[in-house]
Amino acid sequence: MKNAVQTTRSNIWRPFTTVKEARDPLPVKRGYGTTLELEDGRKVLDCISSWWVTLHGHGNHTIAEAIYEQAKELEQVIFADFTHAPARRLSEKLLSMLPSNLGKVFFSDNGSTSVEVALKTAYQYWVNKGVKSKKSFIAFEGAYHGDTMGAMSVSAPSDFSRVFEELLFSVTHIPYPATFCGDEEVEKKELKVLSHFEELLEKKADQFAAIILEPLVQGAGGMRMCRPEFLRELQKVAHRYHLLVIYDEVMTGFGRTGDIFACRKAQTHPDLICLSKGITGGTMPLAVTVCSDEIYKAFASDDPMKTFWHGHSYTANPVGCAAALASFNLLQENHFTWSSMEEKHLAFLELLAKHERVARPRVCGTISAMDIVTEEADGYMNQIGKIMQQRFMDKGIYLRPLGNTLYLMPPYCIKDEELEYVYGVMGEILSSL
């Protein structure tokens, strides 16, 4: 009889995994809090929240109970002709915590589709208003917005999307003013990017429907961070030239940046915002795209060609909405646990930052990151990431470096002693490289 690993290798195609050179997957028996318990009895600290989704830790009873109760009442219904209380309550909750210009919630099922909805909405908004020249988008170098065609198009060109280049639509990518602790050049970098952005719009504003960005932190691009001040100035320029602003908060939403949403921390008001990942606390697939009332008005017409013809089978799934509401309550009840994490990261990182292998240490809310100095080029394909990942696993810690970018994004329930242990092991491993 085949064991679990053999079975998994033989019939499951795993994401972001080279087929012939992949390590054996690790069979997980259960999860609780920050811990993943493997079938062989080993226990591992999940320090990246299982791809940035598990906000409150694994096996959270509050969310599990909400899922159970909702599944007994109503598990699914077509959302084109029906509605239900969990979706209404979740929409109201979201809008109460987002900028006041945002007024309409469109449900989908994952981060990539929430981005697709935003891109299609932004483009059709201008078409509905009779402006047909705005056919392109602006995005940032280093951006990652998902793996569907539109999301790949606005992401920075990479090995992930290279094979599909001929299928993607044209996008203008502008530089990103990535910063870090002690960066004395940050204002100069920001001014240079803003100047370039304004020059571009001065010449071609009539060609662009929107700019899309990951506010405050570029995730898969290497946890590259920018300042709130930059986002405020960027918004001013964009709106001066009648360019819609799309925030991809799939990763940065729900407390990750130290405020409930990055747009609140930056004191900005995007025209569209994409939310997923942590929305249900890491328990159910769910996503939303929220747009301004002004955008929605352009679709309120008797002309069927001005309708937004888009939908998903599991739109506003009641069980997912119930999980999201339970997660929201936990975020409010445990506000201090995630809002205070930045201070803890900074204290631990201050010591590690002195290590000769560490460059560009940076922190934003619950996210801590640094680049590891090697002889290879920086980036996702730097092999030091795989070496470090295995060494951390040997110490009972699950981290998944982005090439030579080592980062922490733990569940909010992580204990101080657990965080101290992880940073201690970081120091040991850096010294052993």
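On a predicted model such as this, the values are computed, not experimentally measured, just so you know.

Asks: Help me understand the packing of aromatic side chains, please; the structure alone is not making it clear to me.
Replies: Ring pairs (aromatic) are described by centroid distance and by the angle formed between their planes. All told, the structure shown has 15 aromatic pairs when counted by the stated rule. Aromatic side chains phenylalanine 254 and phenylalanine 328 sit 5.7 Å apart centroid to centroid with 70° between the ring planes, which places their arrangement in the edge-to-face category. Pair noted here: phenylalanine 254 is in the loop between β10 (244-248) and α9 (262-266) and phenylalanine 328 is in helix α11 (residues 318-333), with a separation of 74 residues, a long-range link. Each member of the pair, phenylalanine 254 as well as phenylalanine 328, is classed as buried. Centroid distance phenylalanine 348 to tyrosine 423: 5.0 Å. Interplanar angle 15°. Geometry classified as stacked. In this pair, phenylalanine 348 is assigned in helix α13 (residues 341-352) and tyrosine 423 in helix α15 (residues 416-432), connecting sequence segments 75 residues apart. One aromatic cluster is present, built from ring pairs that chain together Phe16, Trp51, Phe160 and Tyr380. Cation over ring: lysine 104 sits above tyrosine 296, and NZ or CZ is 4.8 Å from the ring centre.

Asks: I tried to follow helix α14 (residues 384-394) on my own but got confused; where do I start?
Replies: Side chains that are three or four residues apart share a direction in an α-helix, a result of its 3.6 residues per turn. Within the sequence span of α14, burial applies to Ile384, Gly385, Met388, Gln389, Phe392 and Met393. Projected onto a plane normal to the axis of α14, the buried residues spread over an arc of 165° and lie on a single side. Those residues of α14 hidden inside the fold are in contact with β3 (43-46), β14 (367-372), β15 (397-398), β16 (405-408) and α15. Looking one or two residues beyond α14, the residue adopting positive phi is glycine 396, at roughly 80°.

Asks: What am I meant to see in the pattern of salt bridges here?
Replies: Opposite charge on two side chains permits pairing when their charged atoms draw close. Using the criterion set out here, one finds 19 salt bridges in the structure. Notably, a salt bridge pairs aspartate 293 with lysine 104, separated by 3.6 Å at the nearest N-O pair. Highlighted residues: aspartate 293 in helix α10 (residues 293-297) and lysine 104 in strand β4 (residues 102-108), separated in sequence by 189 residues. Residue classification places lysine 104 among the partly exposed residues on the basis of a relative accessible area of 31%. A salt bridge links arginine 227 to glutamate 190, with the shortest nitrogen-to-oxygen separation between them at 2.8 Å. Here the residue arginine 227 occupies a position in the loop between β9 (224-225) and α8 (228-240), and glutamate 190 occupies one in helix α7 (residues 186-204), the gap between them amounting to 37 residues. Here arginine 227 falls in the partly exposed class, since its relative accessible area comes to 22%.

Asks: I'm lost on α7 in this one. Help?
Replies: Between its terminal C-alpha atoms α7 stretches 27 Å, which fits the 27 Å expected from 19 residues at 1.5 Å a residue. Of the residues making up α7, those classed as buried are Val186, Glu190, Val193, Leu194, Phe197, Leu200 and Leu201. Mapping the buried residues of α7 onto a view down its axis gives an arc of 120°, with all of them on the same face. Facing away from the buried side of α7, by more than 90 degrees, are the exposed residues Lys188, Leu191, Lys192, Glu202 and Lys203. The elements touched by buried residues of α7 are β5 (136-140), β6 (171-174), β7 (208-213) and α8.

Asks: In this structure, what is going on with the pairing of β7? I would like to understand it.
Replies: Side-chain positions along a regular strand alternate between the two faces of the sheet. Across the 6 residues that make up β7, a large majority, 6, are buried. Of the strand pairs in this sheet, β7 and β10 are connected by 4 bridges, and their pairing is parallel. Within β10, the residue paired with alanine 210 across the bridge is leucine 244.

Asks: Is there a simple way to explain the sheet that holds strand β13 (residues 358-364) in this structure?
Replies: Hydrogen bonds between backbone groups are what pair the strands of a sheet, and the pairing can be parallel or antiparallel. Strand order in this open sheet of 3 strands is β13-β14-β16, and the pairing throughout is antiparallel. In this open sheet, the two edge strands, each paired with only one partner strand, are β13 and β16. Each adjacent strand pair in this sheet contributes to an overall mean axis angle of 15°, direction not counted. Lying on the sheet, α13 is in contact with β13, β14 and β16; it crosses β13 at an angle near 170°. Sheet strands in contact with α15 are β13, β14 and β16, and its direction is about 165° off that of β16.

Asks: Where do I start with the environment of lysine 192 in this structure?
Replies: Tracing the chain through its elements places lysine 192 in helix α7. Remark: the alpha-carbon pair of lysine 192 and proline 177, spanning 15 residues in sequence, is separated by 8.6 Å.

Asks: When you look at the environment of threonine 148 in this model, what are you seeing that I'm missing?
Replies: Relative to the assigned elements, threonine 148 resides in the loop between β5 and α6 (149-154). Exposure remark for threonine 148: the relative accessible area of 29% places this residue in the partly exposed category. Excluding its chain neighbours within four sequence positions, the residues that come into contact with threonine 148 are Ser112 and Glu116. At 2.6 Å, the side chain of threonine 148 forms a polar contact with the side chain of glutamate 116.

Criteria and cut-off values
Residues numbered from 1 in each chain as written. Predicted model: local features only at pLDDT ≥ 70, side-chain atom pairs only at ≥ 80, totals over all residues. Heavy atoms only, no water. Phe/Tyr/Trp six-rings, centres within 6.5 Å; stacked < 30°, edge-to-face > 60°. Helix = DSSP H or I, 4+ residues; strand = E, 2+ residues; numbered from the N terminus. Buried < 20%, exposed > 50% of the residue type's maximum accessible area, 1.4 Å probe, protein only. Lys NZ or Arg CZ within 6 Å of the ring centre and 35° of its normal. Arc of directions from axis to C-beta. Contact = heavy atoms within 4.5 Å. Salt bridge = Lys/Arg side-chain N within 4 Å of Asp/Glu carboxyl O. Expected span 1.5 Å × (residues − 1). Pairing = 2+ DSSP bridges. Axes fitted to C-alpha atoms, helices over the stretch in contact; angles between N-to-C directions. Polar contact = N/O pair within 3.5 Å; in protein donor to acceptor, adjacent residues only side chain to side chain.

What is shown is where atoms sit, not what they do.
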